[in-house]
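Geometric and topological summary
Read off the chains here:
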Amino acid sequence: MKAQKEISPFRFYGNFFVFGEVVEPYKQPLKDGITLCVYNNEELIFSDRGRWLTPLFALEAFLQTYEGDRSNLAAHDTAAGKAAAILMVRLGIKRVHINLMSDLALTYYEANGVEASYEKKIEKLACKTETLLEELTDADEMYRLLRMRAKLVRGVSVELQDASFGYDGVLLFSHLNVSLPEGERLLIQGDNGKGKTTLLKMLMGRLEPTSGKILIDGLPPSQIKNRTIGYIKQQQTEQQFPVSVREVVSMATDSKLSKERQKWEIDTALRRVGIQELQGRNFYTLSGGERQKVALARCLCQKAQLLLLDEPTSFLDATSRQALIETIKALTLDEMPTIIVVTHDKQLEQDLGWPTLTLGQEREGREKVGKK
Amino acid sequence: MSDLLFMLSLAPVAKGLVAMTIAGLCFPAAGVMVLRLDLVPMRYMLMHGVILGGALSLAFSLPLLPVSIALNLLLVLGMLKLTKDSSAGFGVSSAAAMVFTMALASIVMHVFDVPAKDTLQLLWGSPFALRVSDVLGLLAIALALTLYVVFNFKSISAIFFDQEIAQSLGMRVQAHHTAMVIVIALVIALAMKLLGALLIDALLILPVLIAARHAQSLKQLFIRACLVGVFVSFFGFIAAVATDLPPSGTIALLSAFLYLIITTIVQRKKS
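The residue numbers shown here count from 1 along each chain, following its written sequence. For naming, the first written chain is A and the first written ligand is 1, with later ones following in the order written. Confidence filtering applies because this is a predicted model: local features only for residues at pLDDT of at least 70, side-chain atom pairs given and counted only at 80 or more, and all residues used for totals across whole chains, interfaces and linings. Each side-chain value is derived from all of the structure's non-hydrogen atoms; neither hydrogens nor water enter the calculation.

Considerations on the interface of chain B and chain A
It is common to report an interface's size as the accessible area lost on association of the parts. Where we set the bar: Here, residues are in contact when the closest pair of their heavy atoms is within 4.5 Å. Here the quantity called buried area is the total loss of accessible area, with a 1.4 Å probe, experienced by two parts when brought into contact, counted for both. We define a salt bridge as a side-chain nitrogen of Lys or Arg found within 4 Å of a carboxyl oxygen belonging to Asp or Glu. As used in this structure description, the phrase polar contact means that two N or O atoms lie within 3.5 Å; if the pair is within protein, one of them must be able to donate a hydrogen and the other to accept it, and residues adjacent in sequence are counted only when both atoms belong to side chains. The secondary structure listing takes helices from DSSP runs of H or I that are at least 4 residues long and strands from runs of E that are at least 2 residues long, numbered from the N terminus. The residue classification treats Ala, Val, Leu, Ile, Met, Phe, Trp, Tyr, Cys and Pro as nonpolar and Asp, Glu, Lys and Arg as charged. All others, Gly included, are polar.
Counting residues at the interface gives 22 residues for chain B, matched by 30 residues for chain A. The contact between chain B and chain A buries some 2,100 Å² in all, and 57% of this surface belongs to carbon and sulfur atoms. For arginine 206 of chain A, the salt bridge goes to glutamate 164 of chain B, with nearest N and O atoms at 2.3 Å. Applying the counting criterion to the chain B and chain A interface returns eleven residue pairs in polar contact (both at pLDDT 80 or more). Elements with a contribution of two residues or more to the side of chain B that touches chain A: helix H2 (11-36), helix H8 (153-161), helix H9 (163-168) and helix H13 (218-243) of chain B. No other element matches the six residues that H8 of chain B contributes to the side of chain B that touches chain A. Along the lines of polarity and charge, the residues of the side of chain B that touches chain A split into twelve nonpolar, five polar and five charged.

This is how it looks when you write it as structure tokens:
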């Protein structure tokens, strides 16, 4: 749909009244209850009537399949605080016209080279999101916060309530309290024998805590839905048995889906982690880093809501390790499953920058990780 | 050539050829399971089960095949229970069951005056002595095996890949494991009648080992193992008829020969 440039006879524009100005389509008034319009040059490509950040998340979904040019996107929104500014910058919008804009938003637009105009400017939007974002600067962290507030995460909550585990009179850990909201990430560190893998087995429902409770999505692990947990092991042992990469990934597809849909899911998962060219290869002939990528693709195909990674960087060379870290990071911004990584790799804490729980040094009381 | 065609037109030979072709085409799929689930000791135990079955059927004048099948099923279920209830693995349970079946077979032979030679004769198989009901039974089990693999391929591949991961994917690992063990028990009892206990490897194991040399995927492994199986059983049987040699030995020799050739080629390529 092509919008016409409009001659404004008398119009409040920014801080000025203008007369006889040629108004760009994206600056024209929003009509019929529409709250967001997005143009590619002069062509209207998207509009929405939703409130809060909903139209921008809808735009994000739309742009995932939009094949037109994205180099000159312009948007008109009814109101924009810092949250909207973050999303618009992330979506590649170059020019914006906002009816009601906050100072925080304007600063963010300007810092990111977005040409911004407004009809009214206020210091700050009266909104909790604006307050939460005020002090944050990391673009990815801010984006994650917005996704979590919008409940656009795949993850499930994980609760360890006073959980202890021991066997043969040896206590591995005691009174462990962890609360992970949906989509949060946690790194569990600790020396060998401190119960890292045991904790993963408890989360998978294969071991019961000696005392206390474990809840995943509010339920004990034995009662959660099948396919909730995606498990990535340290390193698959060497085998002479052939199993192709595609077969490994396809074993995680939902059998209830049609064959075409399953094929699409497999192809998408392979493409996401960049291993399409390996799909015909025998899994056991791959390098450690490639195998971990296959495992991640399997979990993507599974649409796992809780990812448990047991020593994912063990035996990986520096390049493979870096590639794996990048893939995991990307996952925390896209699907946002809840992710728990167990490792004795001290460097990983720095590389990922996630909240960390060190077994053997757990504090009494509640470890609340992340913000809800 | 006309002699060969004449021989093949005889009912016992024709039945044997049909049976061997069916077995060659389908039984390697069970061999894939035996190797992947590390059930090689169980295979030996099942052979001993057939010896006990033979002793019992000769002692009480019962039909051999149903007795062997029933006994092998009982042994497998007993082993599964033993493995589940104790920390002993399948290998240890197989060894225990093997000792038990041989001891019982020797006692049955002694008490009921069953000639050991007649019982051991069963180990050599008799594809020319098959009845139509045997061939139909074989067809039914081959069909069951094929359908099981085709319809459960995803679960089978996950279980073969990693049982913990299969479990996390919500697959019924224990149920599939039991089903596969039972299928293997049935296949081995039948293969015993066809080829004999000592030469089961020719149909179950060697085709899989040959196919595994070049296969890149599990699907390829199943298909190629079955193609190798049908090749060695069909041409091995024809060669046996043409040369008046025992089919079991000829088929096993062809399998072993093929395995040696493939292994040599692969090693030469590597070096």
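Okay, back to it.
A word on unusual backbone geometry
Residue and element names in this part refer to chain A. Inclusion rule: Residue exposure (1.4 Å probe, protein chains only): buried if accessible area is under 20% of the type maximum, exposed if over 50%, otherwise partly exposed.
With phi around 55 degrees, aspartate 32 is a residue other than glycine that occupies positive phi space. Here aspartate 32 is to be found in the loop between strand S4 (21-23) and strand S5 (36-40). On the accessibility criterion, aspartate 32 (63% relative accessible area) is exposed.

Considering the nonpolar core
For clarity, the threshold we go by: Residues belong to one nonpolar core when they are buried, are Ala, Val, Leu, Ile, Met, Phe, Trp, Tyr or Cys, and are joined through side-chain atoms within 4.5 Å.
Counting 154 residues, the largest nonpolar core has Ile340 of chain A together with Phe27, Met42 and Phe160 of chain B as the members making the most contacts within it. Counting 36 residues, the second-largest nonpolar core is a separate cluster that includes Phe57, Ala85, Met142 and Leu333 of chain A.

Points about the domain arrangement of chain A
All names here are of chain A. Selection criterion: Note that domain bounds follow an automatic or database assignment of domains.
Assigned domains of chain A: these are domain 1 (6-149) and domain 2 (158-368). Each partner contributes residues to the interface: domain 1 has seven residues there, and domain 2 has ten residues. When domain 1 packs against domain 2, the two sides together hide about 670 Å² of surface, and 51% of this comes from carbon and sulfur. Its largest share of buried area at the contact with domain 2, domain 1 owes to Arg144, Arg147 and Met148, together 75% of the area lost on that side. In this assembly, domain 1 and domain 2 are joined by two salt bridges. Glutamate 184 serves as the salt-bridge partner of arginine 144, at 3.8 Å between the closest nitrogen and oxygen. At the junction of domain 1 with domain 2, the criterion picks out five residue pairs in polar contact (both at pLDDT 80 or more). Of the residues belonging to the side of domain 1 that touches domain 2, the class tally is two nonpolar, no polar and five charged.

Quick notes on the packing of aromatic side chains
The condition that has to hold: Each Phe, Tyr or Trp ring, with Trp reduced to its six-membered ring, pairs with another whose centre is within 6.5 Å; inter-plane angles below 30 degrees give stacked pairs, above 60 give edge-to-face pairs, and intermediate values give tilted ones.
Enumeration over the complete set of coordinates arrives at eleven aromatic pairs over all chains. Pairing phenylalanine 283 of chain A with phenylalanine 161 of chain B gives two aromatic rings, centres 5.0 Å apart and planes at 85 degrees, and the pair type is edge-to-face. Of the two residues, phenylalanine 283 of chain A sits in the loop between helix H8 (259-272) and helix H9 (288-302) while phenylalanine 161 of chain B sits in helix H8, which places them in two different chains. The exposure classification of phenylalanine 283 of chain A matches that of phenylalanine 161 of chain B, with both residues buried. Ring geometry for phenylalanine 153 of chain B against phenylalanine 222 of chain B: centres 6.2 Å apart, planes inclined by 65 degrees, an arrangement best described as edge-to-face. One end of the pair, phenylalanine 153 of chain B, is in helix H8; the other, phenylalanine 222 of chain B, is in helix H13, with 69 residues separating them in the sequence. For phenylalanine 222 of chain B, a relative accessible area of 6% puts it in the buried group. In this structure an aromatic cluster arises from ring pairing among Phe46, Phe62 and Tyr66 of chain A.

Quick look at a nonpolar patch on the surface
All names here are of chain B. Rules: Distance thresholds for patches are 9 Å for like charges and 5 Å for nonpolar side chains (Val, Leu, Ile, Met, Phe, Trp, Tyr), applied to residues having over 30% relative accessible area and no salt bridge. Accessible surface area values rest on a Shrake-Rupley calculation with a 1.4 Å probe, where residue burial reflects the displayed protein chains alone.
Together, Phe60, Leu62, Ile107, Val111 and Phe112 make up an exposed nonpolar region whose accessible area comes to about 470 Å². Relative to the helices and strands, valine 111 resides in helix H5 (residues 90-111). Taking the relative accessible area as the measure of exposure, valine 111 reaches 51% and is therefore exposed.

Observations regarding the layout of surface pockets
To find the voids left in a structure, one rolls a probe of water-molecule size over its atoms. Rules: Points on a 1 Å grid over protein atoms alone make up a cavity when a 1.4 Å probe fits among them but cannot get out, and a pocket when they form an open set with protein on both sides within 12 Å along at least five of seven lines; lining residues each have an atom within 4 Å of a point. Grid points are joined across faces, edges and corners, and a volume is the space filled by probe spheres set on the points.
Space inside the largest pocket adds up to approximately 990 Å³. Looking at the largest pocket, it is lined by 33 residues, and the ones nearest its centre are Lys259 of chain A together with Val150, Phe153, Lys154 and Lys219 of chain B. Elements represented by at least two residues in the lining of the largest pocket include exactly helix H7 (245-250) and H8 of chain A together with H2, helix H7 (132-151), H8 and H13 of chain B. Of the residues in the lining of the largest pocket, the class split is 15 nonpolar, twelve polar and six charged.

Focus: the confidence of the model for chain A
All names here are of chain A. We count it as follows: For every residue, the predictor assigns a confidence score, pLDDT, that lies between 0 and 100.
For chain A, the mean per-residue pLDDT works out to 83, and 90% of the residues sit at or above 70. Mean pLDDT across the elements of chain A bottoms out in strand S1 (residues 6-8) (46) and peaks in H7 (94). In this model residues 1-17 is a low-confidence stretch, pLDDT under 50, and it forms 50 contacts with partners more than four residues away in sequence or in other chains. In this model residues 363-372 is a low-confidence stretch, pLDDT under 50, and it forms 25 contacts with partners more than four residues away in sequence or in other chains.

Focus on the pairing of strand S9 (residues 115-122) of chain A
All names here are of chain A. So the rule is basically this: Paired strands, as defined in this entry, are two strands with at least two bridges between them according to DSSP. The handedness rule is simple: strands pointing away from the viewer, and a clockwise path from the first strand over the helix to the second, make the crossover right-handed.
The sheet contact formed by strand S8 (residues 93-102) and S9 spans seven bridges and is parallel. Across the sheet, histidine 97 pairs through a bridge with serine 117, a residue of S9. Handedness of the crossover joining S8 and S9 through helix H3 (residues 103-111): right-handed.

What about the packing of H13 of chain B against helix H14 (residues 247-270) of chain B?
Residue and element names in this part refer to chain B. Rules: Fitting a line to C-alpha atoms yields each axis, with helices limited to the stretch in contact; the angle taken between N-to-C directions then spans 0 to 180 degrees. For this classification, under 35 degrees means roughly parallel, over 145 means roughly antiparallel, 65 to 115 means roughly perpendicular, and everything else is oblique. The sense of a crossing depends on the near helix, which, turned anticlockwise from the far helix by less than a right angle, makes the crossing left-handed and, turned clockwise, makes it right-handed.
Put simply, H13 and H14 touch, their axes get as near as 8 Å, and they point 130 degrees apart. Classed by the angle they form, the pair H13 and H14 counts as oblique. Crossing of H13 against H14: the hand is right-handed. Taken together, the residues of H14 that come into contact with H13 (itself represented by Val228, Phe231, Val232, Ser233, Phe235, Gly236, Phe237, Ala239 and Ala240) are Pro247, Thr250, Ile251, Leu254, Ser255 and Leu258. Along the lines of polarity and charge, the residues of the contact of H13 with H14 split into eleven nonpolar, four polar and no charged.

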